Amino acid sequence: MVLYYDTHIRYSQMYRFTDKERYVQIKEDLENIQRLGILIKAITCDGHPAILKAIRLACKEVKVQRCLVHIHRESNIWLRKKPVNQHSIELKRIVNLIFKIKTNNDKTAWIKEFNDWYQLNKKHLDEKKKNHESGRWWYRHKNLRRSAVMIKKAIPNMFHFLKDPDIPKSTNNIESFFGHMKDTLSIHRGLSYKNRRAFIQWYLHFKNQSRT
């Protein structure tokens with residue numbers, strides 16, 4: 001289920017059942033939300049390519065805030081809990097400073113530290129090795145590079161919340177909402193697929209009713 005949730009009024013504006021995050025569907029949803037007269041000020045998301053493409057096509061003027069929790073979590077997964085490579089150790093230290101950024105000065109200092117690290121280690125990140133079976137070339141330090149590139153691409157949209165406190169810096173609120181819904185649904189494990197969908201629809205309906 002893709003859910004469009006207003007964190008300030010704790011209201012589900014729209015939802016869609018689907019098999020995956022598809023940009024065509026998300027684009028259509030965003031356009032429909034705006035046709036209903038809802039002004040979208042900003043969107044906080046995990047940075048899935050389909051979501052970013054849909055936003056770019058449906059409401060390109062809207063600010064996109066990348067979820068800091070997601071960036072932190074994904075980076076720490078790729079860099080491992082206890083990295084042994086010095087490059088990874090240093091990047092992990094920088095990543096773990098994300099939640100300490102409270103001011104524009106903090107942001108500027110953090111971005112500089114990350115960019116300095118990136119430039120210093122760019123040659124290392126770009127190292128490749130050849131797979132003798134397939135003949136293809138692969139990045140030698142795949143997970144380290146994945147983390148670094150993700151952060152570098154996300155930086156322009158990581159800190160909108162500093163200028164506007166109404167913009168959530170993470171998707172924690174909706175994750176909490178989903179967690180409670182899953183806990184409630186788990187009580188009814190025997191429901192068929194059709195009835196599970198109906199249960200979710202009624203759950204969202206009554207949650208919205210409680211906010212009106």
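All values derive from a computational prediction rather than experimental measurement.

Description of the environment of Phe114
Then step 1. Within the fold, Phe114 resides in helix 5 (residues 104-125).
Then step 2. The class for Phe114 is buried, based on a relative accessible area of 0%.
Then step 3. Counting along the chain gives 24 residues from Phe114 to Glu90, while the straight-line C-alpha distance between them is 9.7 Å.
Then step 4. The contacts of Phe114, once residues within four sequence positions are left out, are Leu91, Ile94, Ala148, Ile151, Lys152 and Ile155.

Considering the packing of aromatic side chains
Centre-to-centre distance and the angle between the planes together describe a pair of aromatic rings.
Then step 1. One pass over the full model with this rule turns up 10 aromatic pairs.
Then step 2. Where Tyr15 meets Phe17, the ring centres are 5.8 Å apart and the plane angle is 75°; that geometry is what we call edge-to-face.
Then step 3. Aromatic pair Phe177 and Tyr203: ring centres 6.0 Å apart, planes at 70°, arrangement edge-to-face. With Phe177 in helix 8 (residues 172-186) and Tyr203 in helix 9 (residues 193-209), the pair connects residues that are 26 residues apart, well separated along the chain.
Then step 4. Taking relative accessible area as the criterion, Tyr203 reaches 11% and is therefore assigned buried.
Then step 5. An aromatic cluster is built from Trp110, Phe114, Trp117, Tyr118, Phe159 and Phe161, whose rings are joined through pairwise contacts.
Then step 6. Over the face of the ring belonging to Tyr139 we find Lys128, whose NZ or CZ atom lies 5.0 Å from the ring centre.
Then step 7. Across the ring face of Tyr118, the terminal group of Lys152 is positioned such that the distance to the ring centre comes to 4.7 Å.

The rules behind the values
- Residues numbered from 1 in each chain as written.
- Predicted model: local features only at pLDDT ≥ 70, side-chain atom pairs only at ≥ 80, totals over all residues.
- Heavy atoms only, no water.
- Helix = DSSP H or I, 4+ residues; strand = E, 2+ residues; numbered from the N terminus.
- Buried < 20%, exposed > 50% of the residue type's maximum accessible area, 1.4 Å probe, protein only.
- Contact = heavy atoms within 4.5 Å.
- Phe/Tyr/Trp six-rings, centres within 6.5 Å; stacked < 30°, edge-to-face > 60°.
- Lys NZ or Arg CZ within 6 Å of the ring centre and 35° of its normal.

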